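Given next are the chains, with one letter for each unit.
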Amino acid sequence: MSDKTSNQMWGGRFAAGPDAIMEAINASIGYDQRMAAQDIAGSRAHAAMLAAQGIISDSDAKAIREGLLTVLSEIEGGTFEFSTALEDIHMNVEARLKEVIGEPAGRLHTGRSRNDQVATDFRLWVRDQLDAAEQGLLALIRALLAQAEAGADWVMPGFTHLQTAQPVTWGHHMMAYVEMFGRDLSRVRDARVRMNESPLGAAALAGTGFPIDRHMTAEALGFDRPMANSLDAVSARDFAIEFLSVASISAMHLSRFAEELVIWSSAQFRFVTLSDRFSTGSSIMPQKKNPDAAELIRAKIGRIFGANVALMMVMKGLPLAYSKDMQEDKEQVFDAADNWMLALAAMEGMVKDMTANTPQLEAAASSGFSTATDLADWLVRETGLPFREAHHVTGALVAMAEQKGCDLPDLSLEDMKSVKDTITMGIFDVLGVHNSVASRMSYGGTAPARVREQVARWKELV
């Protein structure tokens, strides 16, 4: 078969035939160059350990460590030329190190393999992302706390099935998301503890005969300990899957809040006004102010979910220890991390800038017979009715109000007595939305006093 025929079979994208196909599918430098800082940190720690153990000379170790800093400065300065022929970040760095310092560069790889090297780099990178996520979540929680504290007394409708249910306070609603993102924060911290073990020194899969000190390199890189099994060390990617799982749960919370902001900022609700910094206009409709940041958060979350599934699919059928399939472990994680960090930052910005339309919130809280449960509770408490009978009486009063085209507080005492003659003027003390929320003093309830207690508790925690 001629080269021309071969090229046509492979397609015009690959002018050099099968060799180009293999280079393209085998190379990961196009994306794993993002781990350059972690790769160089791992190599510097490894070189220092090799010298401390007498495996390489102090002078070679010094040359390697200083040369690696030169390579890092070139990468960070944008002057480093990455080569797909060298496949990945590890080989690109090592090749350039040899150009910089010469023969000592060849001693750097003593006692390790690319298998444990990439596992170490990836753990370090994911650990950095967990640290960034922690800071992003803390910033978002603080923004929500500021909203909750400001609006501890503001009333708004609480919904079930997106139908008006009972009045709640704005602060209580904000604090619900504080609790959700607080659990995300705890998952981030838990995941970091669990994954903070060093694969470095596991070599290809079986360890090494060189007298290396894995505890030294683990400590130098901020790991709590070396991983205890060399097979597991090079083949485990559950730390990355856990990162994606944690990200997915947090992303789900972000998406739920984004959906509420889209609804709340609509002309039909007018609960909030989002700042111009996180909204856009329409090219033809001058009245429009679109909640694009919230909508984009809601959309980008799908990429995080997809990354989680994709990596589990890559790993689910792999025998121990390393398989080339595992090169496909990074792009999904990189993309998910980028979108999670962006979504957290955008949501924090929207929360800090948004303005609650308190008159509209209060009007909405008062509609839809939102204090019906308060009426039923009063009947139980003040007249001794069983709750089921009180529920029935309340339902009859709601039907009467609907027929009259008014809300429950607008019914007269005579109207109410016509349904249940034991009702007194005291009923009107519980039918106002402010009275309703103030009465919900149970732990975790919506009463302003309870909201302020929870705000204070969280401000101490974050």
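The model shown is predicted, which means the values in this text are computed figures rather than measured ones.

Considering the overall build of the protein
When its secondary structure is counted, the protein shows 20 helices and six strands. Taken along the three principal axes of its C-alpha coordinates, the protein extends 100 × 55 × 40 Å. Expressed as a percentage of its 462 residues, the buried residues of the protein come to 49%. A separation threshold of at least 6 residues defines the contact pool for the protein, and within that pool the share at least 24 residues apart is 72%. Counting every atom, the protein has about 21500 Å² of accessible surface; 53% of that belongs to carbon and sulfur.

Digging into the side chain of Q129
Among the secondary structure elements, Q129 is positioned in helix α7 (residues 114-150). The class of Q129 is buried, set by a relative accessible area of 13%. In contact with Q129, not counting residues within four places along its chain, are F243, A337 and M341.

Some points on the packing of aromatic side chains
Under the criterion given, the structure shown has twelve aromatic pairs. With a centroid separation of 5.5 Å and 75° between ring planes, the pair formed by F122 and F239 is classed as edge-to-face. With F122 in helix α7 and F239 in helix α11 (residues 238-264), this residue pair connects regions lying 117 residues apart in the sequence. For the pair F122 and F239, one class covers both residues: buried. By way of ring pairs, the aromatic residues W154, F159, W170, W264, F269 and F271 are connected into one cluster.

Things to note about the environment of H172
Relative to the assigned elements, H172 resides in helix α8 (residues 170-195). What makes H172 partly exposed here is its relative accessible area of 25%. As a C-alpha pair, H172 and L296 span 124 residues in sequence and 26 Å in three-dimensional space. There is a polar contact of 3.4 Å between the side chain of H172 and the backbone oxygen of G445.

Digging into helix α16 (residues 387-404)
The end-to-end C-alpha distance of α16, which contains 18 residues, comes to 25 Å, matching closely the 26 Å that a straight helix rising 1.5 Å per residue would cover. Buried within α16 are the following residues: A390, V393, T394, L397, V398, M400 and A401. All buried residues of α16 lie within an arc of 160° about the axis, which places them on one face of the element. Relative to its buried face, α16 has exposed residues pointing more than 90 degrees away, namely R388, H392, E402 and Q403. Considering only its buried residues, α16 is in contact with α15 (372-383) and α17 (413-419).

Regarding the nonpolar core
The biggest cluster of nonpolar side chains holds 79 residues, and the ones touching the most others in it are L254, F257, W264, W340 and M347. Those elements that provide at least two residues to this core are α7, α8, α11, α12 (292-315), α13 (331-353), α14 (358-366) and α20 (448-461). Take this core: its biggest share by element is 15 residues, from α11.

Comments concerning unusual backbone geometry
Backbone torsion omega between L320 and A321 reads 5°, so that peptide bond is classified as cis. Tracing the backbone through its elements, the reader meets A321 in the loop between α12 and α13. The residue H161 is not glycine, and still its phi comes out positive at about 60°. Mapped onto the secondary structure, H161 falls in the loop between β1 (155-160) and β2 (163-169). You can call H161 exposed: its relative accessible area is 75%.

Comments concerning the packing of α8 against α20
Where α8 contacts α20, the two axes come as close as 10 Å, and the packing angle between them is 35°. For α8 against α20, the interelement crossing comes out left-handed. On the side of α8, the interface is formed by G171, H172, M175, V178, E179 and G182, while α20 contributes V451, Q454, V455, R457 and W458. Considered class by class, the residues forming the contact of α8 with α20 number five nonpolar, four polar and two charged.

Overview of the pairing of β1
Two faces, one strand: in a regular strand the side chains alternate between the faces of the sheet. For β1 and β2, the ladder comprises six bridges, and the chain directions are antiparallel. Bridging from a neighbouring strand, T160 pairs with Q163 of β2. In this antiparallel pair of consecutive strands, β1 and β2, the connection spans two residues, and H161 shows a positive phi of 60°.

A short note on the pattern of salt bridges
Summed over the entire model, instances satisfying the criterion amount to 27 salt bridges. For the salt bridge of R277 with D353, the shortest nitrogen-to-oxygen distance reads 2.8 Å. Note that R277 is positioned in the loop between β5 (272-273) and α12 and D353 in helix α13, a separation of 76 residues in sequence. Classification of R277 as exposed rests on a relative accessible area of 63%. Residue D374 pairs with R440 through a salt bridge whose shortest N-O separation is 2.8 Å. Of this pair, D374 sits in helix α15 while R440 sits in the loop between α19 (433-439) and α20; the two residues are 66 residues apart in sequence, bridging distant segments of the chain.

Reading the values: the criteria
- Residues numbered from 1 in each chain as written.
- Predicted model: local features only at pLDDT ≥ 70, side-chain atom pairs only at ≥ 80, totals over all residues.
- Heavy atoms only, no water.
- Helix = DSSP H or I, 4+ residues; strand = E, 2+ residues; numbered from the N terminus.
- Buried < 20%, exposed > 50% of the residue type's maximum accessible area, 1.4 Å probe, protein only.
- Contact = heavy atoms within 4.5 Å.
- Areas by Shrake-Rupley, 256 points an atom, 1.4 Å probe, with all protein chains shown as cover.
- Phe/Tyr/Trp six-rings, centres within 6.5 Å; stacked < 30°, edge-to-face > 60°.
- Polar contact = N/O pair within 3.5 Å; in protein donor to acceptor, adjacent residues only side chain to side chain.
- Expected span 1.5 Å × (residues − 1).
- Arc of directions from axis to C-beta.
- Core = buried A, V, L, I, M, F, W, Y, C linked by side-chain atoms within 4.5 Å.
- Axes fitted to C-alpha atoms, helices over the stretch in contact; angles between N-to-C directions.
- Left-handed = near helix turned anticlockwise from the far one by under 90°.
- Nonpolar A, V, L, I, M, F, W, Y, C, P; charged D, E, K, R; others polar.
- Pairing = 2+ DSSP bridges.
- Salt bridge = Lys/Arg side-chain N within 4 Å of Asp/Glu carboxyl O.

Read these as geometric descriptors, not functional statements.
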